[in-house]
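What the coordinates show
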Amino acid sequence: WRGWDGAPYSTLVPSDEVTINYRHGLPVITLLLPTRNERCQFTVKPVATTVGAFLQDVQREDKGIERAEVFATDGTKVSDATLMEVLLLNDFKLVINNTAYSVSPPVKDKLSSEHATEMEDIKSLVHRLFVALHLEDHQIRKERELLQKLDHLKGELLPLEQMKARIMDSADAKTSRLLWVGLALMSTQGGALAWLTWWVYSWDIMEPVTYFITYGSAMAFYAYFVLTKQDYIYPHAKDRQFLHYFYRKSRKQRFNVERYNKLKDDLAETEESLRRLRQPLHLRLPIQEINDKD
């Protein structure tokens, strides 16, 4: 049998010289150290240990080993970055110095249910340990990200809030003036009707006039309903006129209402995420540390 470079190995040792057994769910590789002439066991973690790390452990155990490599059964060299979990799926050749050991890992499907259960328990334990060790750091990092995003959104909203306040003041002033103008017109109309009724004409002449004025007002209110699909209620009409002035002023001042609303929604969402993150059931931090961050 020849290696990847075509050079023949002096000895091809049967598979019983290198054995692999599973103990507590982990593979244990037993092999004969050439210099010390004694068998040694190496426990590997399949999902974390690479082929290169395993070979380094073998060389550190026996300083007389000058060459340690792993080849597939077809003579292809196995990369040092390959995980032991992948290597143990098939037969392979372990080369130590000039001796090649034929290795046949046990098939995982043939492992006892006890070993399989132990492996699942170990994986579950590792996962719980990882969560316990890194969850708090992740929450602190997430809180810092949310605080930075919050500051950024507030910085973008500040000039928009100032511009919005000026536009709202202008719209509110125009709406108030319109209400007072309406009151003045109604007062003028009432005074004119009274003057025409008692000083110029009689009630017999002015009664049809007031009737058609009332009917015309009813038609105006109905037209308002047809156009707006809303009843003519004074507070609603005032708010509608305020919005009309507000959007017209916004276009003149180039105030982006859509962008402002988007920033406000993002700000509310970020504050809600921060509030939920700081709940005692989600963030297990001392109260003093949270207060310091505020």
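Residues numbered from 1 in each chain as written. Predicted model: local features only at pLDDT ≥ 70, side-chain atom pairs only at ≥ 80, totals over all residues. Heavy atoms only, no water.

1. With respect to a nonpolar patch on the surface
Residues Trp 195, Trp 198, Trp 199, Val 200, Tyr 201 and Ile 205 make up a contiguous nonpolar surface patch of roughly 780 Å² in combined accessible area. Ranked by residues supplied to the nonpolar patch, first place goes to helix α3 (residues 113-200) with 4 residues. Tracing the backbone through its elements, the reader meets Val 200 in helix α3. Overall, Val 200 belongs to the partly exposed group, its relative accessible area being 38%. (Patch = residues over 30% accessible without salt bridge, like charges linked within 9 Å, V, L, I, M, F, W, Y side chains within 5 Å. Areas by Shrake-Rupley, 256 points an atom, 1.4 Å probe, with all protein chains shown as cover. Salt bridge = Lys/Arg side-chain N within 4 Å of Asp/Glu carboxyl O. Helix = DSSP H or I, 4+ residues; strand = E, 2+ residues; numbered from the N terminus. Buried < 20%, exposed > 50% of the residue type's maximum accessible area, 1.4 Å probe, protein only.)

2. A short note on the environment of Ile 213
Mapping Ile 213 onto the fold places it in helix α4 (residues 203-228). Beyond its immediate stretch of four places on either side in the chain, Ile 213 contacts Gln 189 and Leu 193. (Contact = heavy atoms within 4.5 Å.)

3. Here's the deal with the UniProt feature "transmembrane region" (unreviewed entry) in the protein chain
According to UniProt, the feature "transmembrane region" (unreviewed entry) maps to residues 178-197 and 209-227 in the numbering used here. End C-alpha atoms of residues 209-227 are separated by 27 Å, and the span's content is 100% helix alongside 0% strand. (UniProt positions renumbered as here; feature names shortened; annotations may be inferred.)

4. A short note on the pattern of salt bridges
Pairing of side chains with opposite charge becomes possible as their charged atoms draw close. A complete count under the given rule lists 7 salt bridges for this structure. The salt bridge partner of Glu 69 is Arg 67, with a shortest N-O separation of 2.8 Å. A relative accessible area of 13% means that Glu 69 is categorised as buried. You can call Arg 67 partly exposed: its relative accessible area is 26%. For the salt bridge of Lys 262 with Asp 266, the shortest nitrogen-to-oxygen distance reads 2.8 Å. Of this pair, Lys 262 and Asp 266 both sit in helix α6 (residues 257-277), 4 residues apart, which is roughly one turn of that helix. Note on Lys 262: relative accessible area 47%, which makes it partly exposed.

5. A word on the packing of aromatic side chains
A complete count under the given rule lists 8 aromatic pairs for this structure. Between Tyr 211 and Phe 212 the ring centres are 5.3 Å apart and the planes differ by 75°, which places this aromatic pair in the edge-to-face class. The same class applies to Tyr 211 as to Phe 212, namely exposed. Residues Phe 242 and Phe 246 carry aromatic rings whose centres are separated by 6.3 Å and whose planes lie at 20° to one another, so their mutual orientation is stacked. Taken together, the residues Phe 242 and Phe 246, both in helix α5 (residues 234-253) and 4 residues apart, mark about one turn of the helix. The pair Phe 242 / Phe 246 is uniform in exposure class, with both members buried. (Phe/Tyr/Trp six-rings, centres within 6.5 Å; stacked < 30°, edge-to-face > 60°.)

6. Points about the confidence of the model for the protein chain
Low pLDDT marks stretches whose predicted atomic positions should not be read closely. Predicted confidence across the protein chain gives a mean pLDDT of 78, with 79% of residues reaching 70 or more. Looking over the protein chain, one finds the lowest element-wise mean pLDDT in helix α7 (residues 287-293), namely 44, and the highest in strand β5 (residues 68-72), namely 89. A low-confidence stretch, residues 1-5 (pLDDT under 50), is modelled with 23 contacts involving residues beyond four sequence positions or located in other chains. Segment residues 281-294: pLDDT under 50, and 22 contacts once partners within four positions in sequence are set aside and those in other chains are kept. (pLDDT = per-residue confidence, 0-100.)

7. Notes on the nonpolar core
Of all hydrophobic cores here, the largest spans 25 residues; its most connected members are Leu 31, Phe 54, Val 70, Phe 92 and Leu 94. Counting only elements with at least two residues in this core, the list comes to β2 (19-23), β3 (26-33), β4 (38-43), α1 (51-61), β5, α2 (84-87), β6 (92-96) and β7 (99-103). Tallying contributions element by element places α1 first for this core, with 4 residues. Not counting the four nearest positions on each side in its chain, Phe 54 is found in contact with Ile 29, Leu 31, Phe 42, Val 44, Thr 49, Met 84 and Leu 94. In terms of nonpolar packing, the next biggest core, distinct from the first, is built from 17 residues, Phe 255, Leu 263, Leu 274 and Leu 277 among them. (Core = buried A, V, L, I, M, F, W, Y, C linked by side-chain atoms within 4.5 Å.)

8. Examining the environment of Glu 156
With respect to the secondary-structure elements, Glu 156 resides in helix α3. On the accessibility criterion, Glu 156 (26% relative accessible area) is partly exposed. Between the C-alpha atom of Glu 156 and that of Tyr 260, which follows or precedes it by 104 residues, the distance is 9.1 Å. Apart from residues no more than four positions distant in its own chain, Glu 156 is found in contact with Arg 259 and Leu 263.

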